[in-house]
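Take a look at the letters that make up each chain.
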Amino acid sequence: MTTTDTVRALTDAYATARAASAAAQAAASAVLAPLYERDASDAEYAAARAAAGLPSAAVEAQLHRAMEHSRSALASALRVAAKRTRRSFGDASDTAIVAAHMATL
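Just so we're clear, the structure is a prediction, and the values are computed from it rather than from any experiment.

### Focus on the overall build of the chain
Each helix and strand counted, the chain has 4 helices and 0 strands in total. Reading the chain from its N terminus to its C terminus gives the helix and strand order α-α-α-α. Here the C-alpha radius of gyration of the chain, 18 Å, is well above what a compact globule of 105 residues would show, namely 13 Å. If you line up the chain on its principal axes, its C-alpha atoms span 55 × 25 × 20 Å. Looking at the chain as a whole, 27% of its 105 residues qualify as buried.

### Description of the packing of helix H1 (residues 3-36) against helix H3 (residues 57-84)
Contact pair H1 / H3: the axes reach a minimum separation of 8 Å and the direction vectors enclose 155 degrees. Looking at the two axes, H1 sits roughly antiparallel to H3. Note that H1 runs across H3; the crossing there is left-handed.

### Description of the pattern of salt bridges
Going through the model one piece at a time under the given rule, you end up with 4 salt bridges. For Arg-79, the salt bridge identified is with Asp-94, shortest N-O distance 2.7 Å. Residue Arg-79 is located in helix H3, and its partner Asp-94 is located in helix H4 (residues 94-103); the two are separated by 15 residues in the primary sequence. In this structure Arg-79 comes out as partly exposed when scored by relative accessible area, which is 27%.

### Quick look at helix H2 (residues 42-51)
Turning to H2, its buried residues number three or more, namely Tyr-45, Ala-48 and Arg-49. The arc enclosing the buried residues of H2, seen along the axis, measures out at 100 degrees, which places them on a common side. In H2, the exposed positions angled more than 90 degrees off the buried face are occupied by Ala-43, Ala-50 and Ala-51. Tucked into the core, H2 has its buried residues touching H1 and H3.

Conventions used here
- Residues numbered from 1 in each chain as written.
- Predicted model: local features only at pLDDT ≥ 70, side-chain atom pairs only at ≥ 80, totals over all residues.
- Heavy atoms only, no water.
- Helix = DSSP H or I, 4+ residues; strand = E, 2+ residues; numbered from the N terminus.
- Rg over C-alpha atoms; globule rule 2.2 N^0.38 Å.
- Buried < 20%, exposed > 50% of the residue type's maximum accessible area, 1.4 Å probe, protein only.
- Axes fitted to C-alpha atoms, helices over the stretch in contact; angles between N-to-C directions.
- Parallel < 35°, antiparallel > 145°, perpendicular 65-115°, else oblique.
- Left-handed = near helix turned anticlockwise from the far one by under 90°.
- Salt bridge = Lys/Arg side-chain N within 4 Å of Asp/Glu carboxyl O.
- Arc of directions from axis to C-beta.
- Contact = heavy atoms within 4.5 Å.

This is the structure in C-alpha cells:
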C-alpha cells in the first residue's frame, strides 16, 4: 500500500468516524437539551437517552475517541507524506493538519 493509498484509506475512516461522532452528539443534544436547562441527575440523563433510543454516554464517548484516534492516525500519515515531498507542518496540531487536508477534498 502506498502512502497515497494509506492517506486515502485513513481519510475515509476519519470521515466516517467524524460523521458517527457528530450524529451521536447532535442526537443527544436535541434530546437532552431540556435537561441541560436544569440540574438533572445522571440517572435522568441515562433514562432520557434510553427512552429516545440513543447510545449511552459511554458509547457516545467511545465514538468520539474513535474519531480522535482516526484523526491522529490520519495526521501522522499526512506528516509522513509531507516529509517525502520535503514539506513540513511545523508545530501544527493534528486537528489543524486534518482540517486543512479535509478542506481540500
